[in-house]
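Survey of secondary and tertiary structure
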Amino acid sequence: MMASHIVKPDTRNCKRPRELEPQMPDSPQLSSLGKSDSSFLESSGLFYKDESLEKDLNDMSKEINLMLSTYAKILSERAAVDASYIDEIDGLFKEANTIENFLIQKRELLRQRFTVIANTLHR
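Residues numbered from 1 in each chain as written. Predicted model: local features only at pLDDT ≥ 70, side-chain atom pairs only at ≥ 80, totals over all residues. Heavy atoms only, no water.

1. Some points on the overall build of the protein chain
Basically, it comes down to this: Put simply, DSSP marks the helices as runs of H or I at least four residues long and the strands as runs of E at least two long, and each gets a number from the N terminus on. Only protein chains enter the accessibility calculation, which uses a 1.4 Å probe; a residue is then buried when its area is under 20% of its type maximum, exposed when over 50%, and partly exposed in between. In these tables, accessible area is a Shrake-Rupley quantity obtained with a 1.4 Å probe, and a residue counts as shielded only by the protein chains included in the view.
Broken down by element type, the protein chain carries 1 helix and 0 strands. Residue burial in the protein chain is summarised as follows: out of 123 residues, 0% are buried. Total accessible area on the protein chain stands at roughly 12700 Å², and carbon and sulfur atoms take up 61% of it.

Right, dumping it as C-alpha coordinates:
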(Lines give C-alpha, C1' and ligand atoms only; values in the text may rest on other atoms or scores of the structure.)
Protein backbone atom coordinates (compact mmCIF):
# COMPACT_ATOMS: atom_id res chain seq x y z
CA MET A 1 0.00 0.00 0.00
CA MET A 2 2.86 2.37 0.81
CA ALA A 3 4.60 1.73 -2.50
CA SER A 4 1.57 2.79 -4.49
CA HIS A 5 1.18 6.05 -2.53
CA ILE A 6 2.65 9.01 -4.48
CA VAL A 7 4.07 11.88 -2.42
CA LYS A 8 3.85 15.30 -3.98
CA PRO A 9 6.63 17.75 -3.15
CA ASP A 10 5.60 20.55 -0.79
CA THR A 11 6.09 23.80 -2.66
CA ARG A 12 4.58 26.13 -0.04
CA ASN A 13 7.78 26.68 1.92
CA CYS A 14 10.19 26.70 -1.01
CA LYS A 15 11.70 29.98 -2.07
CA ARG A 16 12.20 28.76 -5.58
CA PRO A 17 10.20 26.13 -7.43
CA ARG A 18 11.74 22.70 -7.59
CA GLU A 19 12.99 21.66 -10.96
CA LEU A 20 11.35 18.76 -12.74
CA GLU A 21 12.78 15.29 -12.18
CA PRO A 22 15.65 14.75 -14.63
CA GLN A 23 14.97 12.36 -17.48
CA MET A 24 16.78 9.05 -17.46
CA PRO A 25 19.98 9.54 -19.41
CA ASP A 26 21.04 7.15 -22.12
CA SER A 27 24.26 6.05 -20.44
CA PRO A 28 24.98 5.45 -16.75
CA GLN A 29 28.23 7.45 -16.98
CA LEU A 30 26.35 10.62 -17.84
CA SER A 31 23.92 10.15 -14.99
CA SER A 32 26.70 9.85 -12.40
CA LEU A 33 28.56 12.74 -13.97
CA GLY A 34 25.44 14.92 -13.93
CA LYS A 35 24.75 14.11 -10.30
CA SER A 36 28.29 14.84 -9.12
CA ASP A 37 28.39 18.09 -11.07
CA SER A 38 25.09 19.26 -9.67
CA SER A 39 26.04 18.29 -6.11
CA PHE A 40 29.36 20.05 -6.59
CA LEU A 41 27.62 23.15 -7.88
CA GLU A 42 25.12 23.09 -5.03
CA SER A 43 27.81 22.62 -2.39
CA SER A 44 30.04 25.30 -3.92
CA GLY A 45 27.04 27.63 -4.07
CA LEU A 46 26.34 26.97 -0.40
CA PHE A 47 30.00 27.49 0.37
CA TYR A 48 29.93 30.80 -1.48
CA LYS A 49 26.77 31.82 0.36
CA ASP A 50 28.34 30.84 3.70
CA GLU A 51 31.49 32.81 2.87
CA SER A 52 29.42 35.78 1.79
CA LEU A 53 27.28 35.59 4.91
CA GLU A 54 30.33 35.25 7.13
CA LYS A 55 31.97 38.23 5.40
CA ASP A 56 28.82 40.31 5.86
CA LEU A 57 28.60 39.30 9.52
CA ASN A 58 32.27 40.18 10.05
CA ASP A 59 31.77 43.55 8.35
CA MET A 60 28.71 44.28 10.50
CA SER A 61 30.60 43.20 13.61
CA LYS A 62 33.41 45.62 12.74
CA GLU A 63 30.93 48.45 12.16
CA ILE A 64 29.15 47.73 15.45
CA ASN A 65 32.46 47.63 17.32
CA LEU A 66 33.47 50.92 15.70
CA MET A 67 30.16 52.51 16.71
CA LEU A 68 30.48 51.19 20.26
CA SER A 69 34.03 52.48 20.60
CA THR A 70 32.96 55.87 19.24
CA TYR A 71 30.05 55.90 21.70
CA ALA A 72 32.39 54.97 24.57
CA LYS A 73 34.79 57.75 23.55
CA ILE A 74 31.96 60.29 23.49
CA LEU A 75 30.73 59.13 26.90
CA SER A 76 34.26 59.41 28.27
CA GLU A 77 34.62 62.94 26.92
CA ARG A 78 31.25 63.93 28.38
CA ALA A 79 32.21 62.43 31.74
CA ALA A 80 35.42 64.50 31.69
CA VAL A 81 33.43 67.65 30.87
CA ASP A 82 30.95 66.84 33.65
CA ALA A 83 33.83 66.35 36.10
CA SER A 84 35.30 69.72 35.11
CA TYR A 85 31.87 71.35 35.63
CA ILE A 86 31.64 69.76 39.08
CA ASP A 87 35.12 71.08 39.95
CA GLU A 88 34.14 74.54 38.70
CA ILE A 89 30.88 74.50 40.70
CA ASP A 90 32.79 73.36 43.81
CA GLY A 91 35.15 76.32 43.32
CA LEU A 92 32.20 78.68 42.97
CA PHE A 93 30.61 77.34 46.18
CA LYS A 94 33.87 77.83 48.08
CA GLU A 95 34.17 81.38 46.75
CA ALA A 96 30.53 82.09 47.63
CA ASN A 97 31.12 80.70 51.14
CA THR A 98 34.20 82.96 51.54
CA ILE A 99 32.23 86.02 50.40
CA GLU A 100 29.35 85.12 52.75
CA ASN A 101 31.74 84.90 55.72
CA PHE A 102 33.32 88.24 54.72
CA LEU A 103 29.88 89.90 54.53
CA ILE A 104 28.89 88.47 57.93
CA GLN A 105 32.06 89.97 59.45
CA LYS A 106 31.36 93.35 57.77
CA ARG A 107 27.78 93.32 59.10
CA GLU A 108 29.05 92.62 62.60
CA LEU A 109 31.59 95.48 62.35
CA LEU A 110 28.87 97.86 61.11
CA ARG A 111 26.58 96.80 63.98
CA GLN A 112 29.39 97.56 66.46
CA ARG A 113 30.01 100.99 64.87
CA PHE A 114 26.30 101.86 64.95
CA THR A 115 26.20 100.84 68.59
CA VAL A 116 29.16 103.15 69.33
CA ILE A 117 27.52 106.02 67.40
CA ALA A 118 24.15 105.48 69.11
CA ASN A 119 25.82 105.47 72.54
CA THR A 120 27.64 108.73 71.84
CA LEU A 121 24.45 110.38 70.61
CA HIS A 122 22.53 109.43 73.78
CA ARG A 123 25.01 111.14 76.09
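Structure shown, so let's carry the discussion forward.
2. Quick notes on the pattern of salt bridges
Let me state the cut-off plainly: Here, a salt bridge means any Lys or Arg side-chain nitrogen found within 4 Å of an Asp or Glu carboxyl oxygen.
Inspection of every chain in the model, using the stated rule, returns 2 salt bridges. Note that Lys55 is salt-bridged to Asp59, the shortest N-O span being 3.2 Å. Note that Lys55 and Asp59 are positioned in helix α1 (residues 28–122) at a spacing of 4 residues, about one turn of the helix. Close ionic contact of Glu108 with Arg111 constitutes a salt bridge, the shortest N to O distance being 3.8 Å. Pair noted here: Glu108 and Arg111 are both in helix α1, with a separation of 3 residues, about one helical turn. The exposure class assigned to Arg111 is partly exposed, which follows from its relative accessible area of 47%.

3. Quick look at the confidence of the model for the protein chain
Let me state the cut-off plainly: On a range of 0 to 100, pLDDT expresses the predictor's confidence in each residue. Here a residue-residue contact requires only that any non-hydrogen atoms of the pair lie within 4.5 Å.
For the protein chain, the mean per-residue pLDDT works out to 78, and 61% of the residues sit at or above 70. A low-confidence stretch, residues 24–35 (pLDDT under 50), is modelled with 2 contacts involving residues beyond four sequence positions or located in other chains.

4. Considerations on a nonpolar patch on the surface
For the record, the criterion: The patches described consist of residues with a relative accessible area above 30% and no salt bridge, like charges being joined within 9 Å and nonpolar side chains (Val, Leu, Ile, Met, Phe, Trp, Tyr) within 5 Å.
A grouping of Leu53, Leu57, Met60, Ile64, Met67 and Leu68 is seen on the molecular surface, where their side chains present a nonpolar patch of about 610 Å² in accessible area. Relative to the helices and strands, Ile64 is located in helix α1.

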